[in-house]
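# Structure assessment
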Amino acid sequence: GSRYEYIQVSEPRPGVGQVTLHRPKALNALCTPLITELNAALSELNASPTIGAIVLTGSERAFAAGADIKEMAPLTFSAAYTGAFIESWSALTTAVKKPLIAAVSGHALGGGCELALMSDIIYCTSSANFGQPEIKLGTIPGAGGSQRLTRAIGKSKAMELILTGRSFTGDEAERWGVAARAFPTYEALMEGALKTAETIAAHSKVAVQAAKEVVNKSQDLPLRDGVEYERRVFHSLFGSRDQKIGMQAFAEKKKAEWSHE
Ligand code: CAA
């Protein structure tokens, strides 16, 4: 049997790891043990030499309906503060160096929306139901939503969504640039996510990791520093074997056979 209670881990395509949130009775509400399992599985896939990209998904009905409200209801300030409640959720943003694609169908609310926003690429169904409804529970987003959603769609739209708690659709997410693509059906979504993951996994792992690293830096650094950071990493890739392999293969009109070094 699986080592995990709340998630499933598979390798559906060569080089592609998939983590499926699987707590169907609670619409994949993100209880602490689920997050612990998710972090363990993602770290393991990140360390696996054969994996080049990871797809994170839920079910057709729910990517994740948020943090577990039943777990949070009795929490006190001091317990949340001293226990660093929710802090471990963002572990994946530093621990996972390989591209992470969130494939979102159904509800992606509160912490579910925030988990998608922590991923590198969001794909969704047209009818996906994104939102930060925390305000309706008398609280606010606690896993980065106020920061990442605002960077993604701008202050006015983020304010409107976070202050009203209203949801937005997968089509809106695509139009606003939150999602890279919206697909008409769940099947098309999963096929699209796995195909993109396979494409990424077929590239040089060194170059892919560097590309993810520099794009992520754009979220933290001022432009001038970001451009300089990019150039430093670009220069460093002339020290990789794969840069030589890739450019030589181009000159010889051959397919590159990556060394991943
Ligand atoms: N936590 C705990 N349990 C949840 C849950 C959550 N976030 N979301 C759904 N569930 C449970 C329901 O309690 C229900 O369990 P029971 O059968 O035992 O009653 C089961 O999942 C199915 O849910 P519904 O019957 O409500 O299903 P529905 O189709 O009628 O509605 C829904 C779906 C609109 C997503 C509704 O479940 C809902 O509004 N969920 C809460 C969404 C939410 O507010 N999320 C934000 C949480 S706060 C947060 O995430 C903080 C943060 O920033 C980290």
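Rules used throughout
- Residues numbered from 1 in each chain as written.
- Predicted model: local features only at pLDDT ≥ 70, side-chain atom pairs only at ≥ 80, totals over all residues.
- Helix = DSSP H or I, 4+ residues; strand = E, 2+ residues; numbered from the N terminus.
- Rg over C-alpha atoms; globule rule 2.2 N^0.38 Å.
- Contact = placed C-beta atoms within 7 Å.
- Near = placed C-beta within 6 Å.
- Pairing = 2+ DSSP bridges.
- Axes fitted to C-alpha atoms, helices over the stretch in contact; angles between N-to-C directions.
- Core = buried A, V, L, I, M, F, W, Y, C linked by C-beta atoms within 7 Å.
- Buried ≥ 20, exposed ≤ 12 C-beta atoms within 10 Å, placed from the backbone.
- Domains from an automatic or database assignment.
- Right-handed = clockwise from strand over helix to strand, strands pointing away.

Attention shifts here to the overall build of the chain. Across its full length, the chain holds 12 helices and 10 strands. Here the C-alpha radius of gyration of the chain, 19 Å, is about what a compact globule of 261 residues would show, namely 18 Å. For the chain, the C-alpha atoms occupy an extent of roughly 65 × 50 × 40 Å along the three principal directions. A separation threshold of at least 6 residues defines the contact pool for the chain, and within that pool the share at least 24 residues apart is 69%.

The subject of this paragraph is the site of the ligand. In the region of the ligand, 22 residues are neighbours, and Ala29, Ala65, Gly66, Gly110 and Gly111 sit closest. Secondary-structure elements contributing two or more residues to the shell around the ligand are helix 2 (69-72), strand 6 (107-109) and helix 5 (111-118).

Sheets are built from strands that pair by backbone hydrogen bonding, the pairs being arranged parallel or antiparallel. The sheet built from 6 strands is open, its strands ordered 1-2-3-5-7-10 with mixed pairing. Two strands bound the open sheet, and with one partner strand each, they are strand 1 (7-13) and strand 10 (181-183). Direction aside, the axes of adjacent strands within the sheet are offset by 25° on average. Those strands touched by helix 1 (residues 32-47) are strand 1, strand 2 (16-21) and strand 3 (53-57), and its axis lies near 25° from that of strand 1.

This next bit is on the sheet that holds strand 4 (residues 62-64). What the 4 strands build is an open sheet, ordered 4-6-8-9; its pairing is mixed. The outermost strands of the open sheet, each flanked by one partner alone, are strand 4 and strand 9 (168-169). Relative to strand 6, strand 4 runs parallel, the two being bridged by 2 bridges. Note on strand 6: the bridge partner recorded for Ala62 is His107. Taken strand by strand, helix 5 contacts strand 4, strand 6 and strand 8 (129-131), and its axis lies near 90° from that of strand 6.

Among the nonpolar cores identified, the biggest contains 62 residues, and Ile101, Ile122 and Tyr123 are the most heavily contacted of them. Here the element with the most residues in this core is helix 9 (residues 186-201); it accounts for 7 residues. Contacts of Ile122, omitting those with residues within four sequence positions, involve Ala102, Val104, Ala116, Ala173, Val178, Ala179 and Ala180.

Domain assignment breaks the chain into domain 1 (7-201) and domain 2 (205-251). At the junction of the two partners, domain 1 supplies 7 residues and domain 2 supplies 5 residues.

Among the 5 residues that make up strand 3, 5 are buried, leaving the element largely enclosed by the rest of the structure. Side chains of strand 3 alternate between two faces, with Ala53, Val55 and Thr57 and Ile54 and Leu56 buried alike. Between the parallel elements strand 2 and strand 3, the chain passes through helix 1 in a crossover that is right-handed. Here 4 bridges tie strand 3 to strand 5 (residues 100-104), and the two strands are oriented parallel to one another. Paired with Leu56 across the strands is Ala102, a residue of strand 5.

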